Amino acid sequence: MDVKIKLYPYEKLKEDGIKDMLHDLKKNTIIMIDAKLKPDEEAKLIEETMKNISTNFSGIELDSLDLTASDENDTVLKKIKTQILEFLTGKKRGLTLIGPADIIKKIEKKPDDLLLHMR
Amino acid sequence: MVTKHLKNLHNRLKSFLGKLFKRNKEIKLGLYGPPNSGKSTLANTICMDWLGKELSTTSEIPHETREIQTKENVIIENNGKKLTFSVVDTPGIATKIDFEDFLKGGLKRPEAKERAKEATKGVIESIKWLDKMDAVLVILDATKDPINQVNITILGNLEARGIPVLIIANKLDLKESSATAIRSAFPQYEVIGISAKEKHNTEQLYQKLFEVL
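These notes cover the structure that comes with them. None of these values were measured; they are calculated from a predicted model.

The rules behind the values
Residues numbered from 1 in each chain as written. Chains lettered and ligands numbered in written order. Predicted model: local features only at pLDDT ≥ 70, side-chain atom pairs only at ≥ 80, totals over all residues. Heavy atoms only, no water. Helix = DSSP H or I, 4+ residues; strand = E, 2+ residues; numbered from the N terminus. Contact = heavy atoms within 4.5 Å. Pairing = 2+ DSSP bridges. Axes fitted to C-alpha atoms, helices over the stretch in contact; angles between N-to-C directions.

## Structural notes on the side chain of B:Asn157
And then number 1: With respect to the helices, strands and loops of the structure, B:Asn157 is situated in helix 5 (residues 149–161).
And then number 2: Setting aside residues up to four positions removed in sequence, B:Asn157 forms contacts with A:Pro39, A:Asp40, A:Ala43 and B:Leu130.

Dropping the structure here:
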């Protein structure tokens, strides 16, 4: 089986991104988003996923890395710059992986890695 | 000067009425968590302890609760104080629902498909009801790895809404359970270890509710 990996810019989520993503997820595509999703975005993604579940699509596996959390050694100035950037872009530094549950058994999070266990 | 006094009086009256309203208001206590973590068992334990009757049916097959179940006017007493709740048992939140899992649980194909369909609606309902809650117990199965996206999403959404949360490490009657793993995973939250099934440590849970609310 062929599995495609597709990069989704975070900005696309604000448009009709979730519906587009689910369209791709149903076609065995793994989605990579260049940010950590906010709680309300995760909830919206779960809601939309539920609306799409069928005998051919059992849902999703998702996990994300929060890259702001690994910046503990940063200088105060760098932390402020990061926060200002996040405030201005509305985007939380990180990475989100979303895959169809029919092909991904589990996404395991190590401190700096995301490990995909395939079925 | 007069305006300032009037404004002050208005604020004090507003604050007093706010407190009075809050005191008399029935607190909506939501029971959230992933499927099969013991939400309905705990809802039943709470309702049996304080009302003498159960709220929900329970089952080993996941997604037994597929609709919101509410029991109003549950009055909990502790040291002469009373709290009045609506206990809201919610369907388990999940990112995937495979009807074939229900076949393994012994259901026939049409039943399994129907259950899966209802379960998806239940997840959507649970998420929608988050906004209505005054406080939430997040019930986690202490035999399972607590670090997963569903738990993180539930807690993140509650935090974003400013809803008070207690994490319940359930199923401590089972040998492989660990409340410590849940405490380590979510150190910023108060975690109470219980067995809803065996009614172990539920007294501590009731006491904690008075501290949180």
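## Some points on the sheet that holds strand 4 (residues 135–141) of chain B
All names here are of chain B.
And then number 1: Across the sheet, 6 strands lie side by side as 2-3-1-4-5-6; this open sheet has mixed pairing. Edge strands, defined here as strands with exactly one partner in the open sheet, are strand 2 (69–78) and strand 6 (191–193). Shown here is a sheet whose adjacent strand axes are inclined to one another by a mean of 30°, direction ignored.
And then number 2: When strand 5 (residues 165–170) meets strand 6, the two strands line up parallel, connected through 3 bridges. Considered in strand 6, the bridge of Ile167 is made with Val191.

## A look at the sheet that holds strand 1 (residues 4–8) of chain A
Residue and element names in this part refer to chain A.
And then number 1: In space, the 4 strands of this open sheet follow the order 1-2-4-3, with mixed pairing throughout. A strand with exactly one partner marks an edge of an open sheet, and here the two such strands are strand 1 and strand 3 (60–66). Across the sheet, the mean angle separating the axes of adjacent strands is 15° when strand polarity is ignored.
And then number 2: Pairing between strand 2 (residues 29–33) and strand 4 (residues 94–100): 3 bridges, direction antiparallel. Bridging across to strand 4, Ile31 finds its partner in Ile98.

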